[in-house]
Amino acid sequence: MRTLRHLIAPVLACTGLMLAAPATRAAPSPQEILVASDAVRNPDFPFGLTNTLTEYRQGKQTDSSTLAIYSRADPHGGQFRSLVRYVAPARDASKLILFNGKDLWFYDPASKASIRLSPQQRLLGQASNGDVVTVNLARDYQATSAVEEDTQDGDRQTRRSHRLSLSASTPDATYARIDMWVDLSTARPLKARFYADSGKLLKTAYYRRYQSIFGIQRPTETVIIDGLEPHWVTVMRYTDWVKREVPEAWLQRDYLPRFKPE
């Protein structure tokens, strides 16, 4: 198992912050903890996966959608760019969403038109457009504090964690503020709370069902609970992870009408 020290050490080394003696190594900063948590959630190479979203109200399933997602990091800014293809339901099959790290576009092959969307706009249930694409939080948020405390994870187990307070540092950030709990020893994200500009709690997300993906334990399920209606729940399950090329052409708006899945 990779510990928080193993995940953060490469970050410190690259920034010249590594001390000679491990015993005297400085505690990681809040931002370094966030970077390590990003590394748990996201591979550092182009990849694809299937995201199955299921919406529940009062414990009963009300809707579902299946998406094929292709992601790669921008070599310049480091933020992920993603192409999302609807697989199911049949009425939405082959529709596309393109996120180029700043702008988000929706393409409908029936109308052959692409329209700009907001990352905050709901895609299904409590999952917004910005929730289904791969994101490096450390690129859009500044972690201003890290407080050690116990918290309950998505399985109601008590975990010692860092509670990070994140503030949006770019105008492209999906949320104004995020509180995130990161496991103290492994850097695994446990849960997060997302807030609007007004300070209103929009949703709470739990990161669950860790499995070995590309050699690292990564969450394969996110449970999202509405900030006002706790019985309104959306579950995102990630399967079919694969390391693959994501051609630059796929990530261009002009290419959307010509995209054909392999």
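Residues numbered from 1 in each chain as written. Predicted model: local features only at pLDDT ≥ 70, side-chain atom pairs only at ≥ 80, totals over all residues. Heavy atoms only, no water.

**With respect to the overall build of the protein chain**
- Each helix and strand in the protein chain was counted, giving 4 helices and 15 strands.
- The C-alpha atoms of the protein chain give 18 Å as radius of gyration, which agrees with the globular expectation for 262 residues (18 Å, within 12%).
- Taking the principal axes of the C-alpha coordinates as reference, the protein chain spans close to 60 × 40 × 35 Å.
- The buried share among the 262 residues of the protein chain stands at 50%.
- Sequence-distant contacts, at least 24 apart, represent 48% of the contacts inside the protein chain between residues at least 6 apart.
- Side chains of the protein chain carry 35 positive and 28 negative charges; the gap between the two charge centres is 2 Å. (Helix = DSSP H or I, 4+ residues; strand = E, 2+ residues; numbered from the N terminus. Rg over C-alpha atoms; globule rule 2.2 N^0.38 Å. Buried < 20%, exposed > 50% of the residue type's maximum accessible area, 1.4 Å probe, protein only. Contact = heavy atoms within 4.5 Å. Lys, Arg positive; Asp, Glu negative; His and termini not counted. Charge placed at Lys NZ, Arg CZ, Asp CG, Glu CD.)

**Some points on empty space enclosed by the protein**
- Counted by the stated rule, this structure contains 1 cavity of 30 Å³ or more.
- Roughly 570 Å³ of internal volume is contained in the largest cavity.
- If you trace the largest cavity, you find 33 residues lining it, with Arg41, Gly130, Asp131, Val133 and Val135 closest to the centre.
- The set of elements that each furnish at least two residues to the lining of the largest cavity consists of strand S1 (47-57), helix H3 (129-132), helix H4 (137-140), strand S13 (201-213), strand S14 (216-226) and strand S15 (232-243).
- Considering only residue class, the lining of the largest cavity consists of 21 nonpolar, 7 polar and 5 charged. (1 Å grid on protein atoms, 1.4 Å probe; cavity = no way out; pocket = protein on both sides within 12 Å on 5 of 7 lines; lining within 4 Å. Points joined across faces, edges and corners; volume = space filled by probe spheres on them. Nonpolar A, V, L, I, M, F, W, Y, C, P; charged D, E, K, R; others polar.)

**A look at helix H2 (residues 30-41)**
- Counted at 1.5 Å a residue, the expected span for H2 with its 12 residues is 16 Å, and the 17 Å between its end C-alpha atoms agrees.
- Among the 12 residues in H2, 9 count as buried, and that is most of the element. (Expected span 1.5 Å × (residues − 1).)

**Observations regarding the pairing of strand S10 (residues 158-168)**
- Looking at chain direction, strand S9 (residues 141-152) and S10 are connected through 11 bridges and run antiparallel. Residue pairing for S10: glutamate 148 is matched across the bridge by histidine 162.
- Counting the residues that bridge the hairpin from S9 to S10 gives 5 residues, and of these arginine 156 lies at a positive phi of roughly 65 degrees.
- Here S10 runs beside strand S11 (residues 177-183); their pairing, made up of 7 bridges, is antiparallel. By the bridge assignment, leucine 164 is partnered in S11 with methionine 180. (Pairing = 2+ DSSP bridges.)

**Points about the pattern of salt bridges**
- Counted by the stated rule, this structure contains 19 salt bridges.
- Arginine 116 is the salt-bridge partner of aspartate 103, the closest N and O atoms lying 2.3 Å from each other. Residue aspartate 103 is located in the loop between strand S4 (96-99) and strand S5 (104-108), and its partner arginine 116 is located in strand S6 (residues 113-117); the two are separated by 13 residues in the primary sequence.
- The exposure class of aspartate 103 is buried, given its relative accessible area of 16%.
- For aspartate 150, the salt bridge identified is with arginine 160, shortest N-O distance 3.3 Å. Placement of the pair is aspartate 150 in strand S9 and arginine 160 in strand S10, with a sequence separation of 10 residues. (Salt bridge = Lys/Arg side-chain N within 4 Å of Asp/Glu carboxyl O.)

**Some thoughts on the confidence of the model for the protein chain**
- For the protein chain, per-residue confidence averages 89 on the pLDDT scale, and residues scoring 70 or more make up 90% of the total.
- Highest mean pLDDT in the protein chain belongs to S11 (98); lowest belongs to helix H1 (residues 4-14) (49).
- A low-confidence stretch, residues 10-21 stays under pLDDT 50, and its non-local contacts, those more than four residues away or across chains, total 13 contacts. (pLDDT = per-residue confidence, 0-100.)

**Side note on the side chain of arginine 81**
- Tracing the sequence through the fold places arginine 81 in strand S3 (residues 80-88).
- Since its relative accessible area comes to 8%, arginine 81 is described here as buried.
- Leave out the neighbours within four places in its chain, and arginine 81 touches Tyr70, Ser71, Arg72, Asp74, Pro75, Phe99, Asn100, Gly101, Glu248, Leu251 and Gln252.

**Quick word on the packing of aromatic side chains**
- Evaluation of the coordinates by the stated rule reveals 10 aromatic pairs.
- Ring geometry for phenylalanine 45 and phenylalanine 214: centres 5.1 Å apart, planes at 75 degrees, overall edge-to-face. Here phenylalanine 214 lies in the loop between S13 and S14 and phenylalanine 45 lies in the loop between H2 and S1, a separation of 169 residues in the sequence.
- Looking at phenylalanine 45, the relative accessible area reads 19%, which means it is buried.
- On the basis of an interplanar angle of 75 degrees and a centroid distance of 6.1 Å, the ring pair of phenylalanine 47 and phenylalanine 80 is categorised as edge-to-face. (Phe/Tyr/Trp six-rings, centres within 6.5 Å; stacked < 30°, edge-to-face > 60°.)

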